[in-house]
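# Results of the structural survey
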Amino acid sequence: MELDKCLPANPDISGIGVRAAIYTQNLLCFLPLAVYLWDKRITPDELAGVRDQSIGMLAVAFSILIITIILAKGPGSQGPTISRYHAAIVLDLSWMNNTSTWIWFILFAYQRSTIEYKPTDPTWSAW
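The residue count restarts for each chain, going from 1 along the sequence in the order it is written. This being a predicted model, a pLDDT of at least 70 is required before a residue's local features are given, and a value of 80 or more before pairs of side-chain atoms are given or counted; all residues contribute to the totals for chains, interfaces and linings. Calculation of side-chain values draws on the structure's entire complement of heavy atoms; hydrogens and water are dropped beforehand.

Put simply, DSSP H or I for four residues or longer makes a helix, DSSP E for two residues or longer makes a strand, and each gets a number counted from the N terminus. From N to C terminus, the protein chain includes 4 helices and 0 strands. Counting from the amino terminus, helix and strand elements in the protein chain follow one another as α-α-α-α. Computed over C-alpha atoms, the radius of gyration of the protein chain comes to 22 Å, more than 25% over the 14 Å expected from 2.2 N^0.38 for 127 residues, which places it beyond the range of a compact globule. With the C-alpha coordinates of the protein chain rotated into their principal frame, the extents come out at 80 × 35 × 25 Å. Buried, partly exposed and exposed residues are distinguished by accessible area as a fraction of the type maximum, computed with a 1.4 Å probe on protein chains only: under 20%, between the cut-offs, and over 50%, respectively. Taking all 127 residues of the protein chain together, 24% fall into the buried category. Should any heavy atoms of two residues lie within 4.5 Å, those residues are considered in contact. Across the protein chain, every contact between residues at least 6 apart in sequence was considered, and the portion connecting residues at least 24 apart equals 74%. With an accessible surface of roughly 9500 Å², the protein chain has 67% of that area assigned to carbon and sulfur atoms. In summary, the charge assignment counts Lys and Arg as positive and Asp and Glu as negative, without counting His or the chain termini. Note on charges: their place is set at NZ of Lys, CZ of Arg, CG of Asp or CD of Glu. Of the charged side chains in the protein chain, 9 are positive and 10 negative, and the gap between their average positions amounts to 4 Å. We take the radius of gyration over the C-alpha atoms and set the globule estimate at 2.2 Å times the residue count to the 0.38 power. Exposure was quantified through the Shrake-Rupley algorithm and a 1.4 Å probe, taking into account, for residues, occlusion by the shown protein chains and nothing else.

So this is what it looks like as structure tokens:
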């Protein structure tokens, strides 16, 4: 195989440490979900904690995307400073960080589905 046809190395993006950190971070986001659902009840404090965790994960995901866009465009007129392969890896890692929003949404939907609704009387005063 010719060396000029190989992908350029970029351990800051595709290194095993970076990927392992992102994977571990995403897996650990599911830990509070399992603990909170253990008693089959979601308190407002638990929901707020997962929401805050999701916002932090989304901040990381969007910052990764913004940096990738900057590197793909290239500073000034130098052209792109990131390969398409590494841009695809960054997009995949960012997508995985966005799954934390689904964790919050699942807890929110679960909490809303357990609320007991009482029917409203069909009178003007009840409205």
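Right, let's get into a nonpolar patch on the surface. Residues forming no salt bridge and having over 30% relative accessible area are the ones grouped into patches, like charges within 9 Å of each other and nonpolar side chains (Val, Leu, Ile, Met, Phe, Trp, Tyr) within 5 Å. Note on definitions: salt bridges are taken to be side-chain nitrogens of Lys or Arg within 4 Å of carboxyl oxygens of Asp or Glu. A cluster of nonpolar side chains, contributed by Phe62, Ile66, Ile67 and Ile70, occupies part of the molecular surface with about 400 Å² of accessible area. On the secondary structure map, isoleucine 67 appears in helix H3 (residues 44-73). The exposure class of isoleucine 67 is partly exposed, given its relative accessible area of 48%.

As a further point, take the packing of helix H2 (residues 16-37) against helix H4 (residues 84-113). Geometry of a packed helix pair, given as the angle between the helix axes and the separation of the axes. Think of each axis as a best-fit line through the C-alpha atoms, taken over the contacting stretch in the case of a helix, with angles from 0 to 180 degrees between the N-to-C directions. Taken N-terminus to C-terminus, the directions of H2 and H4 make an angle of 5°; their axes are 10 Å apart at the nearest point. When the axis of H2 is compared with that of H4, the two are roughly parallel. Residues Val18, Arg19, Ile22, Tyr23, Gln25, Asn26, Cys29, Phe30, Leu33, Tyr36 and Leu37 of H2 lie in contact with H4, whose contacting residues are Leu93, Met96, Asn97, Thr99, Ser100, Ile103, Leu107 and Tyr110. Angles are sorted into four bins: roughly parallel if under 35 degrees, roughly antiparallel if over 145, roughly perpendicular if 65 to 115, and oblique for all others.

Attention now moves to the pattern of salt bridges. If charged atoms from side chains of opposite charge come close, those side chains can pair. All chains considered together, the criterion is met by 1 salt bridge. Close ionic contact of arginine 51 with aspartate 52 constitutes a salt bridge, the shortest N to O distance being 3.6 Å.

Moving on, we come to the nonpolar core. Of all hydrophobic cores here, the largest spans 8 residues; its members are Cys29, Leu33, Ile42, Leu47, Val50, Met57, Ile103 and Leu107. Secondary structure elements with two or more residues in this core: H2, H3 and H4. The dominant element in this core, judged by the number of residues it contributes, is H3, at 3 residues. Remark: nonpolar core denotes a set of buried residues (Ala, Val, Leu, Ile, Met, Phe, Trp, Tyr, Cys) joined through side-chain atoms within 4.5 Å. Grouped together as the second largest cluster of nonpolar side chains are 6 residues, Ile22, Ile89, Val90 and Leu93 included.

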